[in-house]
Amino acid sequence: MAHSGPMTDWRKAKLPVFAFLAPATIIYTLFMIYPLIDSIRLSFYTTPSGGEMAFVGFDNYRTILGDPDWSATFWNSFWNNMKFFAVHMLVQNPIGIALAGILSLPQLRFRNTYRTMMIMPTMLSVVIVGFIWQLILSPVWGVGVDILDIFGLKSLFGPWLGKEGSALITLSFISVWQWVGIPLMLIYAALLAIPDDLVDAAIVDGATHFEVFLHIKLPLVLPTVAMVSILTFVGNFNAFDLIYAVKGALAGPNFSTDIMGTLFYRTFFGYQLQLGDPSLGATVASLMFLIILAGVLFYLFAVQRRLARYQL
Amino acid sequence: MMTKNIRREDMSRAVIVHAILLTYTLVALYPIFLVIINAFKSRKGIFSAPMSLPNAETFSLEGFTKVLARSNFELFFFNSFTVTVVTIVIVLLLASMAAWALSEYKFPGNTWLALYLAVGIMVPIRLGSVSILNLIVELGLINTLTALILVYVAQGLPLAIFILTEFMHQIPKDLKEAARCDGVGEFKIFFAVILPLIRPAVATVAVFTMIPIWNDLWFPLILAPGDGKQTITLGIQQFIGQYVTDWNAVLASLSLAIIPILILYLIFSRQLIRGLTSGAVK
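Sequence order as written defines residue numbering, which begins from 1 separately in each chain. Throughout, the order in which chains and ligands are written sets their labels, letters from A for the former and numbers from 1 for the latter. pLDDT decides what is reported in this predicted model: residues at 70 or higher carry local features, side-chain atom pairs at 80 or more are listed and counted, and totals for whole chains, interfaces and linings draw on all residues regardless.

- You'll find chain B entered in an unreviewed UniProt entry as Carbohydrate ABC transporter membrane protein 2, CUT1 family, with Thalassospira xiamenensis given as the organism.
- UniProt positions are given in the numbering used here, feature names are shortened, and annotations may be inferred rather than shown by experiment. Under the UniProt heading Subcellular location (unreviewed entry), the entry covering chain B gives this text: "Cell membrane".
- Turning to chain B, the UniProt annotation filed under Sequence similarities (unreviewed entry) states: "Belongs to the binding-protein-dependent transport system permease family."

- Per an unreviewed UniProt entry, chain A goes by ABC transporter permease and derives from Thalassospira xianhensis MCCC 1A02616.
- Its UniProt record, at the heading Sequence similarities (unreviewed entry), says of chain A: "Belongs to the binding-protein-dependent transport system permease family."
- Turning to chain A, the UniProt record has this under Subcellular location (unreviewed entry): "Cell membrane".

**Description of the overall build of chain B**
Here comes step 1: Each helix and strand in chain B was counted, giving 13 helices and one strand.
Here comes step 2: Note on conventions: DSSP H or I runs of at least 4 residues are helices, E runs of at least 2 residues are strands, and numbering of each starts at the N terminus. Of the regular secondary structure in chain B, the N- to C-terminal order runs α-α-α-α-β-α-α-α-α-α-α-α-α-α.
Here comes step 3: Whereas a compact globule of 282 residues would reach a radius of gyration of roughly 19 Å, chain B reaches 24 Å, over 25% beyond that.
Here comes step 4: In terms of overall dimensions, chain B has C-alpha extents of about 80 × 75 × 35 Å along its principal axes.
Here comes step 5: Each residue is classed by its C-beta neighbour count within 10 Å, where at least 20 other C-beta atoms makes it buried, 12 or fewer makes it exposed, and intermediate counts make it partly exposed; the C-beta atoms are placed from backbone geometry. A buried classification covers 46% of the 282 residues belonging to chain B.
Here comes step 6: With C-beta atoms placed from the backbone, a contact is any residue pair whose C-beta atoms sit within 7 Å. Taking as baseline every contact in chain B between residues at least 6 positions apart, the subset at least 24 positions apart corresponds to 76%. Throughout, radius of gyration means the C-alpha value; the globule benchmark is 2.2 Å times the number of residues raised to the power 0.38.

**Quick word on the interface of chain B and chain A**
Here comes step 1: Tallying the contact residues gives 71 residues for chain B and 67 residues for chain A.
Here comes step 2: Here the residues of the side of chain B that touches chain A sort into 51 nonpolar, 15 polar and five charged.
Here comes step 3: Pairing analysis gives two bridges linking strand 1 (residues 8-9) of chain A to strand 1 (residues 105-106) of chain B, with the strands arranged parallel. Paired with Thr8 of chain A across the two strands is Tyr105 of chain B, which belongs to strand 1 of chain B. Residue polarity is assigned by list, with Asp, Glu, Lys and Arg as charged and Ala, Val, Leu, Ile, Met, Phe, Trp, Tyr, Cys and Pro as nonpolar; anything else, Gly included, falls into the polar class. Pairing between two strands requires that DSSP report at least two bridges joining them.

**Side note on the UniProt feature "domain: ABC transmembrane type-1" (unreviewed entry) in chain A**
Here comes step 1: Sites flagged by UniProt as "domain: ABC transmembrane type-1" (unreviewed entry) map to residues 78-301 of chain A.
Here comes step 2: Annotation note: span residues 78-301 of chain A, helix share 71%, strand share 2%, distance between end C-alpha atoms 24 Å.

**Description of the environment of Asn81 of chain A**
Residue and element names in this part refer to chain A.
Here comes step 1: Tracing the sequence through the fold places Asn81 in helix 3 (residues 68-103).
Here comes step 2: Remark: the alpha-carbon pair of Asn81 and Lys217, spanning 136 residues in sequence, is separated by 32 Å.
Here comes step 3: Once residues lying within four places of it in the same chain are set aside, the contact partners of Asn81 are Asn236, Phe237, Ile259 and Met260.

**Notes on unusual backbone geometry**
Residues and elements named next belong to chain A.
Here comes step 1: In this structure, Pro253 follows Gly252 across a cis peptide bond, with omega equal to -10°.
Here comes step 2: Mapping Pro253 onto the fold places it in the loop between helix 12 (241-247) and helix 13 (260-269).
Here comes step 3: For Gln107, which is not a glycine, the phi torsion comes out positive at approximately 55°.
Here comes step 4: Within the secondary structure, Gln107 sits in the loop between helix 3 and helix 4 (111-123).

**Side note on the domain arrangement of chain B**
Residue and element names in this part refer to chain B.
Here comes step 1: Each domain's limits were defined by an automated method or a database of domain assignments. Each assigned domain of chain B is listed here: domain 1 (2-60) and domain 2 (64-280).
Here comes step 2: Each of domain 1 and domain 2 has a C-alpha centre, and the two are 33 Å apart.
Here comes step 3: With seven residues of domain 1 at the contact, the number on the domain 2 side is seven residues.
Here comes step 4: At the level of secondary structure, the elements contributing two or more residues to the side of domain 1 that touches domain 2 comprise helix 1 (2-39) and helix 2 (43-48).

**Points about the packing of helix 4 (residues 73-104) of chain B against helix 10 (residues 199-215) of chain B**
Each pair of packed helices can be summarised by the angle the axes make with each other and by the distance between the axes.
Residues and elements named next belong to chain B.
Here comes step 1: Angles shown run from 0 to 180 degrees and are taken between the N-to-C directions of axes, each axis being a line fitted to C-alpha atoms and, for helices, limited to the stretch in contact. Close contact between helix 4 and helix 10 brings their axes to 10 Å; oriented N to C, the two are set at 140°. Our classification of the angle between helix 4 and helix 10 gives oblique. For the element pair helix 4 and helix 10, the recorded crossing hand is right-handed. Residues Ser80, Val83, Thr84, Thr87, Ile88, Val91, Leu92 and Ala95 of helix 4 pack against Val202, Val205, Ala206, Thr209, Met210, Ile213 and Trp214 of helix 10.
Here comes step 2: Its residues assigned to classes, the contact of helix 4 with helix 10 shows eleven nonpolar, four polar and no charged. By definition in this entry, angles of less than 35 degrees are roughly parallel, angles greater than 145 are roughly antiparallel, angles of 65 to 115 are roughly perpendicular, and the rest are oblique. Note on convention: the crossing is left-handed when the near helix lies turned anticlockwise from the far helix by less than a right angle, right-handed when the turn is clockwise.

**Structural notes on the nonpolar core**
It is characteristic of soluble globular proteins that their nonpolar side chains tend to be buried jointly.
Here comes step 1: In this structure, Ile187 of chain A together with Ala95, Ala98, Val151 and Leu164 of chain B are the most contacted members of the largest nonpolar core, which totals 164 residues.
Here comes step 2: Tallying contributions element by element places helix 7 (residues 145-168) of chain B first for this core, with 17 residues.
Here comes step 3: There are two domains that each give this core at least three residues, and those are domain 1 (2-60) and domain 2 (64-280) of chain B.
Here comes step 4: Not counting the four nearest positions on each side in its chain, Ala98 of chain B is found in contact with Phe20, Leu21, Ala24 and Thr25 of chain A together with Leu117 and Ile161 of chain B. Only buried residues count toward a nonpolar core: Ala, Val, Leu, Ile, Met, Phe, Trp, Tyr and Cys, linked into one set through C-beta atoms within 7 Å.

**A word on the packing of helix 3 of chain A against helix 8 (residues 181-192) of chain A**
All names here are of chain A.
Here comes step 1: At their nearest, the axes of helix 3 and helix 8 sit 8 Å apart, and the two run at 40° to each other. Here helix 8 runs oblique to helix 3, going by the angle between their axes. For the pair helix 3 and helix 8, the crossing hand works out as right-handed. Judged by residue contacts, Gln92, Asn93, Gly96, Ile97, Leu99, Ala100, Gly101 and Leu103 of helix 3 engage Pro183, Leu184, Ile187, Tyr188 and Leu191 from helix 8.
Here comes step 2: Of the residues belonging to the contact of helix 3 with helix 8, the class tally is nine nonpolar, four polar and no charged.

**Examining the UniProt feature "transmembrane region" (unreviewed entry) in chain A**
Residue and element names in this part refer to chain A.
Here comes step 1: When the UniProt feature table is mapped to this numbering, "transmembrane region" (unreviewed entry) covers residues 17-37, 84-105, 117-136, 168-194, 214-237, 249-268 and 280-302.
Here comes step 2: Along residues 17-37 the backbone is 100% helical and 0% strand, and the end-to-end C-alpha distance reaches 27 Å.
Here comes step 3: Helix makes up 45% of residues 249-268 and strand makes up 0%, while its end C-alpha atoms are separated by 11 Å.

**Quick look at the environment of Phe162 of chain B**
Here comes step 1: Take Phe162 of chain B: it is sitting in helix 7.
Here comes step 2: For Phe162 of chain B, the residues in contact, after removing those within four places along its chain, are Ala118 and Ile121 of chain B.

Take a look at the structure:
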């Protein structure tokens, strides 16, 4: 960011500066920052139905992390979320990087068409994507079996979304299918920004395009790769729609697809016989906030700084 | 002889590259294609030949007629459209005003305010849902589109301000100085000189703001789940939950949700990528 700072002294235009900044700052503060802080405050209170709110210190946190039932549920959703994230990091981002690398090859025909088509699933609603795959993987329809049959893999087919052992992984792959467009777009844009002479020199020296990508281009776009990783982390630990659409708030079978987002929803709104509890809901949200904050701080201080030093 | 070999090598490499790209394009598009073609078939056609195109024998619009008869699809669509368009207009106006002030005027706390406004890029607004619901109830806005618009504006502002601030820095100084020398007021400089200049970035910001709002399930579920205020995503979710065994209706409702977004995307995809590659996002 090599641009100059602001130029005009505000004292010449106090009223305009205030009028330009106030509306955005007020709405943002009232509907985003205040609720985030207030949620953390609420996590230290209890709200008995009909009664007055009472301060309870860390009791809600003790319940969620200490009560045997609650803590089992919490850690189950946390580790499921980690697996969900791991699949994205190991499958989605490498595929996105590889496709971006191929798309940025010089003199590639139909580049724009490929790119437009590949990003299409990313534009769809998570809910719609969940239903699309639920239909395709449904043994009732059988189209999934037909597709596998083309490759002679018919015997591999199973009710993946319905089984405790495979439901979470299957949902992770559905999410990967949808979100590959994000690393693809961002890394493609970063690759295009690399000056041609850097690449040309290596090609003249006899390097293949693959070597150029691995040794020149990829190291140069590592900051973008790091940014994509943290966006993936935040997105995954905030996910909800896909699991809710395909599996409902109970994240079955037997909570095997429960992640932080669905746990938050159930705790806040309740389900079946359990009543919703805003205080405990705020507590789960605050724990999610801590997890996301830890990830973002790790990115800012450990990853981005080190990469910035690399760049020099 | 040598050039011939090299050319053959180039050819085979091109074939491999296109084979990979075509394969992935197929992986990305086939599921969507499958849902759309089957939405135009009779129930029998859906099950007997799911992978073939509808023909004279299997073609049927019964799914669509069912969806339109049994759900308030037009209303949900109208709700989503209203929420999305109003939010985009407000976000673009407020964000460009704020971005202009942040990039143009030197005032105490400028950097801190920019950082404060950027927090929302990384922290998901959903985490504040408990308090947002309380706030919306207190304001008497539960089950209204206004509630959704207010929350989505707050959600869209941080990234929009960030992208537009970066963009504003690239506006040549001479343009502003020329206007100032002519004695044009600060408000007029913004509305008459700056706003028209940032049009290219506006398309990028509009797409980035629009997609998550149109597709969101969480806030419609929490803030406006009933009373005919459902957005299309929530409406489809509720509809499919109810008619899960009616394949015609399910496939048709999915297609109705997919097609408008795909058309919009195809219209705007060029601007989206241009905005990304021109360095509006870094």
